[in-house]
Amino acid sequence: MGSHEDRDDETAPCRFSDTTLRVNGKPHTLSVDHRRVLLDVLREDLDLWGAKKGCDHGQCGACTVLVDGRRLNSCLLLAVALDGCEVTTVEGLAGDGEELHPLQRAFLDRDAFQCGYCTPGQICSALGAVAEAAAGHPSHVTDPAVPSGEPVRLDRAEIRERLSGNLCRCGAYPRIVEAVEDVIR
Ligand code: FES
Ligand code: FES
């Protein structure tokens, strides 16, 4: 006697897929619910708590990580769509022997945080922004006279603009800009 339950089981779409993410240099293959976002997989499945959940709507940048070298808001990324991608979180930035990445060191030296909640996202975002400028990607404040594709020099206005998607409720912005300046000098 076929029940609704039986038919539902037979026709229900598969909601899980094996997905391999390479996170901070290590491969992880997980059975991922198609509805889950990268931020939750990083935090809840891989115990990487660096990326933070601020707004969960792509508006604050607290969850910023690098995916194949590009900075992205992990709260908006379906993990299943990232099969085979290289993900870098703030935990992956320190070198061997726990030597801090220069940007992490600069944030400490410049006292560029208060509560620290936004800091992992700020640091990942700054790394992405520096790479984007070096690759010649213009921002809203880039001088139109800069030849297309030429590296863009990151002055204060450029740093502010390029990090404007990363909010800091403590208002540590001036020190954050100084920390980024220290690293690109
Ligand atoms: S938590 Fe992702 S942008 Fe705010
Ligand atoms: S240091 Fe507290 S939110 Fe930025």
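Here the structure is a predicted model, which is why all the values come from computation and not from measurement. (Residues numbered from 1 in each chain as written. Chains lettered and ligands numbered in written order. Predicted model: local features only at pLDDT ≥ 70, side-chain atom pairs only at ≥ 80, totals over all residues. Heavy atoms only, no water.)

K.L.:
For the packing of helix 3 (residues 102-109) against helix 4 (residues 119-134), give the residues involved together with the corresponding values.
P.N.:
Relative to each other, helix 3 and helix 4 sit at 130°, their axes nearing to 10 Å. Considered as vectors, helix 3 and helix 4 are oriented oblique to each other. Taken as a pair, helix 3 and helix 4 cross one another with a handedness that is right-handed. In this structure, helix 3 contributes Leu-103, Gln-104 and Phe-107 to the contact, and helix 4 contributes Thr-119, Gln-122, Ile-123, Ala-126 and Leu-127. (Axes fitted to C-alpha atoms, helices over the stretch in contact; angles between N-to-C directions. Helix = DSSP H or I, 4+ residues; strand = E, 2+ residues; numbered from the N terminus. Parallel < 35°, antiparallel > 145°, perpendicular 65-115°, else oblique. Left-handed = near helix turned anticlockwise from the far one by under 90°. Contact = heavy atoms within 4.5 Å.)

K.L.:
I'd love a proper account of helix 4, names of residues and values included.
P.N.:
Between its first and last C-alpha, helix 4 extends 22 Å over 16 residues, near the 22 Å set by a 1.5 Å rise per residue. Here helix 4 has its buried residues at Thr-119, Pro-120, Gly-121, Gln-122, Ile-123, Cys-124, Ser-125, Ala-126, Gly-128, Ala-129 and Ala-133. Residues of helix 4 that are buried in the fold lie against strand 3 (64-67), strand 4 (70-73), strand 5 (86-88), helix 3, helix 5 (156-162) and helix 6 (173-184). One or two positions beyond helix 4, positive phi appears at Gly-136, with a value near 85°. (Expected span 1.5 Å × (residues − 1). Buried < 20%, exposed > 50% of the residue type's maximum accessible area, 1.4 Å probe, protein only.)

K.L.:
Talk me through the environment of Ile-123; I want residue IDs and the actual numbers.
P.N.:
Within the secondary structure layout, Ile-123 lies in helix 4. Residue class for Ile-123 comes out buried when judged on its relative accessible area of 4%. Sequence-distant contacts of Ile-123, that is, excluding residues within four places in its chain, are made with Leu-93, Leu-103, Gln-104 and Phe-107.

K.L.:
Outline the packing of aromatic side chains, supporting the account with residue identities and numerical values.
P.N.:
Under the definition given, this model contains 0 aromatic pairs. Sitting above the plane of the Tyr-117 ring, Arg-169 keeps its charged end 4.9 Å from the centroid. (Phe/Tyr/Trp six-rings, centres within 6.5 Å; stacked < 30°, edge-to-face > 60°. Lys NZ or Arg CZ within 6 Å of the ring centre and 35° of its normal.)

K.L.:
Could you give me a rundown of helix 2 (residues 38-45), with the residues and numbers involved?
P.N.:
Within helix 2, 6 of the 8 residues are buried, which leaves it mostly tucked inside the rest of the structure. Buried residues belonging to helix 2 abut strand 1 (16-23), strand 2 (26-33), strand 3 and strand 5. Just past helix 2, the residue Asp-47 takes up positive phi, approximately 55°.

K.L.:
Lay out the pattern of salt bridges with the relevant residues and their values.
P.N.:
Per the counting criterion, the structure on display carries 14 salt bridges. Note that Arg-156 and Glu-181 form a salt bridge whose closest N and O atoms lie 2.9 Å from each other. In this pair, Arg-156 sits in helix 5 while Glu-181 sits in helix 6, placing the two residues 25 residues apart along the sequence. Accessibility expressed as a relative area gives 13% for Glu-181, which makes it buried. Look at the salt bridges and you will find they share partners, linking Arg-110, Arg-175, Glu-178, Asp-182 and Arg-185 into a network. (Salt bridge = Lys/Arg side-chain N within 4 Å of Asp/Glu carboxyl O.)

K.L.:
Tell me about the side chain of Thr-89, residues and numbers included.
P.N.:
Along the chain, Thr-89 falls in the loop between strand 5 and helix 3. Separated by 2.6 Å, the side chains of Thr-89 and Glu-91 make a polar contact. Residue contacts for Thr-89: discarding those within four places in its chain leaves Val-23, Asn-24, Leu-42, Leu-48, Val-65 and Cys-124. (Polar contact = N/O pair within 3.5 Å; in protein donor to acceptor, adjacent residues only side chain to side chain.)

K.L.:
Just give me the short version of the side chain of Glu-158, but keep the residues and values in it.
P.N.:
Within the secondary structure layout, Glu-158 lies in helix 5. With residues near it in sequence (within four places) discarded, Glu-158 still touches Ser-139, Val-141, Thr-142, Val-152 and Arg-153.

K.L.:
Describe the sheet that holds strand 4, with residues and values.
P.N.:
The strand order across the open sheet formed by 5 strands is 2-1-5-3-4, and the pairing between neighbours is mixed. The two strands at the open ends of the sheet, each matched to only one other strand, are strand 2 and strand 4. Sheet twist, expressed as the mean angle between neighbouring strand axes with direction ignored, is 40°. For strand 3 and strand 4, the ladder comprises 4 bridges, and the chain directions are antiparallel. Bridging across to strand 4, Thr-64 finds its partner in Asn-73. Sitting on the sheet, helix 4 is in contact with strand 3, strand 4 and strand 5, with an inclination near 40° to strand 3. (Pairing = 2+ DSSP bridges.)

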